[in-house]
Amino acid sequence: MDNNKPCYKINDALQELEMLAVNAKEAQQLILTKILERNQASEYLRKFMNGSTNISTFMRNVPVVTYDVVQPYIARISSGEDSSILCGERIVELLRSSGTSRGEPRLMPAISEDLDRRTYLYSLLMPIMNKYVSGLDEGKAMYLLFVKAETLTSSGIPVRSVLTSYYKSPHFLHRKHDLYNNYTSPDEVILCPDSQQSMYCQLLCGLVERQHVLRLGAVFASAFLRSISFLERYWCDLVNDIRLGKLNSSVTDTACRLAMVHFLALPNPELADELEEICSCGPWRGILGRLWPNVKYIEAVLTGTMAQYIPMLEFYSGARIPLVCTMYASSESYFGVNLRPLCKPTDVSYTILPNMAYFEFIPLEDGLRVTEDDEVVENDKLVNLVDVKVGCYYELVVTTFSGLYRYRVGDVLLVTGFYNCAPQFKFICRRNVILSIDSDKTNEEDLHNSVTRAKKILEDRNYILLEYTSYTDTSTVPGHYVLFWEIKSTSEGVTPLDAELLESCCISVEESLDYIYRRCRAHDKSVGPLEIRLVEAGAFDALMDLLVSQGSSINQYKTPRCIESGLALKLLNSKVIASFFSPRDPEWTM
C-alpha cells in the first residue's frame, strides 16, 4: 500500500471504536458523571438534585420529560437569559429539529463541544466503509449537500438545522485534505442559500468529474432523488454548459459563479456528446451507473420513513449499485454507526456509540405500543444502554452536555444484537408520526386538526366528510401527501362538487399543517402539493370489510388514518372518482 495513504488514521479510528464498544458501560458512566459535574449548577438540575453530582440521585430524582417541559427554558435562553439555567456551557446555537410542537419547530440547545462529537462520528464512517469497499481514496464523492434557511433569536442566537450548523462550521470548512473525503462540489456551492442554484452547480460538478466519482449520495434519500429528478428536467442545460464552457445565466449567486470557473474553464464538446447520448437514450432505469460508471455505492439515510424511496433508487441505479446507510443521528444528539454498511437497507442496525451522550430506554412491553407524549414514565422503568435485551422494543431517552436531561427523543428502536458490549438497534419509527416525505413529520393529531378545519368549507356548501385516510405518495418527485375523502351531500339540489371547492380544501389542510411541512412545501420544495382523492360512496365500508377479513376485530375497528401499501391502498385507489391538488404553496415565513 502507498505509504502516503492515511491507513494509520483508519486503523486508529477502528481501534478506538473497538475499545468504546468493549467498555460501553464504563464509557456511559463516565459521560453521565461529566455531564452532572459540568451542569450541576444549572437551574434545571438544581431543582431535582440540589447541587449533587451523584448518579444515584440523578436516577432517582430527575424525571423523564418531553419537549413541553424543556421548551420554556429554551424560550428564556432564546430571549436573552443566561445559558446556565440549562447547562454549564454557553449555548451557541439552537438546532431546529424536524420534530414539531404545537405547529412550531423544536429548538434543541447546542454548545461548541457538540461539533467535536459530530465530527468524531463522521470520522468513523470512511474507516468502516474501507473495510468493505477498496479504493475509496482513489476518486471523489458526489455528495449532494445543502444548507437551509437560518434565523437569529431576539438575543442573537443562531437558529439553524444541525446539518447547516456542521457545513458552516470550521470543522467542515477548515477540514484537512483527506483522500477518503474528496468531494466534487466546492464548499461555496454547498453553502449557496438557494437550493436550486446549489443543486444545479453540484450536479454540474459531478458530471464534469463523472469518471472520478466513486460514491454518490445525500444525507436523506429524498434529497438524492429530488436531485436526480432535477437532473432529468435540466440535463439539456447542464450539457450545454459543458459544451460551451460557460455557466448558465440562471445561476446568479456570485460565490457559486466564481467557484465554478475552473470546472468550466474550456468548452468540452466531447464530454457533452457523451452525456447527451446517455441522457437522451430511452428510459432512465439504471441511469446512475451509465452517468457515473465507476461508482461503488450510493449513500443516504434509507431507514424509517426514508425506506419508501428504496424502489425508486433501485430503478435509477438499475438495482446493481449497493445502497448504503452509514449513521444514525438527530438534532438532539448523534447516536451511532452501521458496522455492516453493505447489508440490505431493510436489515440496517446501528451500533450506539457510548461517548455521544448518556442513553436510556423506555421498554415498550406491549410490542410496538408507544406511550403518549403526556404519559408519565416512572424512573425505575428505564433501562441503561448495556442492559437492553435482544428482540425487545424501546423508546430512546437521552441526556446531553447541552442541557437535555432524560429527554424522550421519540424514536422507537428494536434491539438486534450487540457489538462487544454496545447494543445494536434497528430504527422502527418515530413515535406517533404517520406521514413523512422529507424532514416533515405529521402525526395523527395534526392531520386530524387540519382535516377538521378543511371540512368546514364542505359544510358551508351542504356537504359532509364521511370518512378519510391518508398516505405518502413517493411515486412522484418530490413525494406528496394524499388524502382519500368520502363526501356526502346533506340536502337535495346541492351545488355539484367542483375543482375550486376541493382545491380550497387542499389549501386549508396545508395551511393548518405545521411549520416544518409548510417550509418543505414553500421554501425547500422537498414536498409536492397535497392531493385529495375523492372516492365513491361505500369505499370506506369496503375498506373495513377488507381489513376485517384480514384479521381486524369488527368490534374494535377504527379507520386507519394512514394506509401504507398493499391491498388496502389498491382498494382505495380503485374507488377514486376524482383527484384535486393544492393550487399554491402554503404561507411560510422564516
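It should be emphasised that the depicted structure is a prediction, and the values quoted were computed from it without experimental measurement.

## Topic: the environment of Ile-487
Next up, step 1: Tracing the backbone through its elements, the reader meets Ile-487 in strand β20 (residues 480-489).
Next up, step 2: What makes Ile-487 buried here is its relative accessible area of 16%.
Next up, step 3: Once the C-alpha coordinates of Ile-487 and Met-129 are considered, the two residues, 358 residues apart in sequence, prove to be 53 Å apart.
Next up, step 4: Sequence-distant contacts of Ile-487, that is, excluding residues within four places in its chain, are made with Leu-458, Tyr-463, Ile-464, Leu-465, Leu-497, Leu-502 and Leu-534.

## A closer look at the environment of Leu-465
Next up, step 1: Checked against the element boundaries, Leu-465 lands in strand β19 (residues 463-473).
Next up, step 2: The exposure class assigned to Leu-465 is buried, which follows from its relative accessible area of 14%.
Next up, step 3: When the C-alpha positions of Leu-465 and Phe-361 are compared, they lie 41 Å apart, and in sequence the two are 104 residues distant.
Next up, step 4: With near-sequence residues (within four places) excluded, Leu-465 lies in contact with Val-451, Lys-455, Leu-458, Trp-485, Glu-486 and Ile-487.

## Observations regarding the state of the cysteines
Next up, step 1: Summed over the entire model, instances satisfying the criterion amount to 0 disulfides.
Next up, step 2: Lacking any disulfide linkage, Cys-520 is separated from the closest cysteine sulfur, that of Cys-562, by 17 Å.

## Here we look at the pairing of strand β14 (residues 393-399)
Next up, step 1: The element β14 is largely enclosed, with a buried count of 6 among its 7 residues.
Next up, step 2: Where β14 lies against strand β15 (residues 407-419), 5 bridges are found, and the strand directions are antiparallel. Paired with Tyr-393 across the strands is Leu-414, a residue of β15.

## Brief notes about the environment of Asp-514
Next up, step 1: Structurally, Asp-514 is set in the loop between α17 (499-512) and α18 (515-524).
Next up, step 2: Along the chain, Asp-514 and Glu-467 lie 47 residues apart, while their C-alpha atoms are 22 Å from each other.
Next up, step 3: A polar contact is formed between the side chain of Asp-514 and the backbone nitrogen of Ile-516, at a distance of 3.1 Å.

Conventions and cut-offs
- Residues numbered from 1 in each chain as written.
- Predicted model: local features only at pLDDT ≥ 70, side-chain atom pairs only at ≥ 80, totals over all residues.
- Heavy atoms only, no water.
- Helix = DSSP H or I, 4+ residues; strand = E, 2+ residues; numbered from the N terminus.
- Buried < 20%, exposed > 50% of the residue type's maximum accessible area, 1.4 Å probe, protein only.
- Contact = heavy atoms within 4.5 Å.
- Disulfide = S-S within 2.5 Å.
- Pairing = 2+ DSSP bridges.
- Polar contact = N/O pair within 3.5 Å; in protein donor to acceptor, adjacent residues only side chain to side chain.

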